Amino acid sequence: MPTNIPPHKESPNIKSEHRAAMVHLACEGEPIFTCDERELTRDGFSFTLETLKELSQCYPNASLYFIMGLDSLLTFTTWHQYQDILSHCHLVVNTRPNYALHNLNAETQSLLNKHQVSDINSLNEQKSGGILLLPNNLPNYDKYLDIDLSSSEVRQRLINKQPCQHLLSPKVWEFINKNKLYR
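Structural notes, computed from the coordinates. Throughout this description, residue numbers start from 1 for each chain and increase along the sequence as written. Given that this is a predicted model, residues contribute local features only at a pLDDT of at least 70 and side-chain atom pairs are listed and counted only at 80 or more, while totals for whole chains, interfaces and linings are drawn from all residues. With hydrogens and water set aside, each side-chain value is computed from the structure's full complement of heavy atoms.

With 20 residues, the main nonpolar core has Met68, Leu73, Phe76, Ile85, Leu91, Val93 and Ile131 as its most contacted residues. For the purposes of this entry, the term helix denotes a DSSP run of H or I that reaches at least four residues, the term strand denotes a run of E that reaches at least two, and both are numbered from the N terminus. At the level of elements, α2 (48-58), α3 (70-73), α4 (82-85), β2 (90-94), α5 (106-115) and β4 (131-134) are the ones that each hand at least two residues to this core. Sorting elements by how many residues they give to this core places α2 first, with three residues. Each residue touching methionine 68, except ones within four places of it in the same chain, is listed here: Leu73, Phe76, Trp79, Leu91, Val92, Val93 and Asn94. As used in this record, nonpolar core signifies buried Ala, Val, Leu, Ile, Met, Phe, Trp, Tyr and Cys residues forming a set joined through side-chain atoms within 4.5 Å. Between buried and exposed lies partly exposed: a residue is buried under 20% and exposed over 50% of the maximum accessible area for its type, with that area taken using a 1.4 Å probe on protein chains only. Membership of the second largest hydrophobic core comes to 12 residues, among which are Val154, Ile176, Leu181 and Tyr182. Whether two residues are in contact is decided by their heavy atoms, any of which lying within 4.5 Å being enough.

Here we come to the packing of aromatic side chains. Planes of paired rings set the category: under 30 degrees apart is stacked, over 60 is edge-to-face and the rest tilted, where pairs are Phe, Tyr or Trp rings (Trp by its six-membered ring) whose centres lie within 6.5 Å. Enumeration according to the criterion identifies four aromatic pairs in this entry. Measuring from centroid to centroid gives 5.9 Å for phenylalanine 76 and tyrosine 82, while their planes differ by 75 degrees, and the two rings are edge-to-face. Given the relative accessible area of 10%, tyrosine 82 is considered buried. Here the aromatic cluster, defined as three or more aromatic residues joined through ring pairs, consists of Phe66, Phe76, Trp79 and Tyr82.

Moving on: helix α9 (residues 170-178). The periodicity of an α-helix, 3.6 residues per turn, causes residues three or four positions apart to be oriented the same way. Regarding α9, the residues found buried are Val172, Phe175 and Ile176. Axial view of α9: buried residues confined to an arc of 100 degrees, hence all on one face. Across from the buried face of α9, at angles greater than 90 degrees, the exposed residues are Pro170, Glu174 and Lys178. Packed against the buried residues of α9 are α1 (16-27) and α8 (151-159). One or two positions beyond α9, positive phi appears at lysine 180, with a value near 55 degrees. The arc in question is traced by the directions running from the helix axis to the C-beta atoms.

Taken by themselves, the reported measurements are silent on function.
In structure tokens form, the structure reads like this:
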């Protein structure tokens, strides 16, 4: 879900239609993923809680799963009204090599103590409120997750003209080059 204006990051220098196109390309061939552009139509900052409230209204009987990297969990307690986010979804956190849980602040550690579950089946027992830290040893983990790199680092590699095509889908790589993005 590309955002219009993220509150925790500098405003992206890439047009929203380009970011949306890259998400659409990345989702191609992955039937469980789709690009939702609802945040791109908003003025001002895009807050996760507002989007989750809207999704909860659109899909009242569905459980929502917010997938994030461990780097995002490290700053989660600084997010706008973070205390209310778990009332609308579960957090599924992709742990990464070299990101240590001991870097969590006291608030985030307290949140984990209260909401962390040990497996996906535990999330299914309730509509929202769980936090699942995915282990590095999942089947096919190395295919999708075993890259110690964040999206910010990929963007920085592109800006610095460092090799990174192996980190992107071929279609996204082609789109970036064709449109001369991140230069």
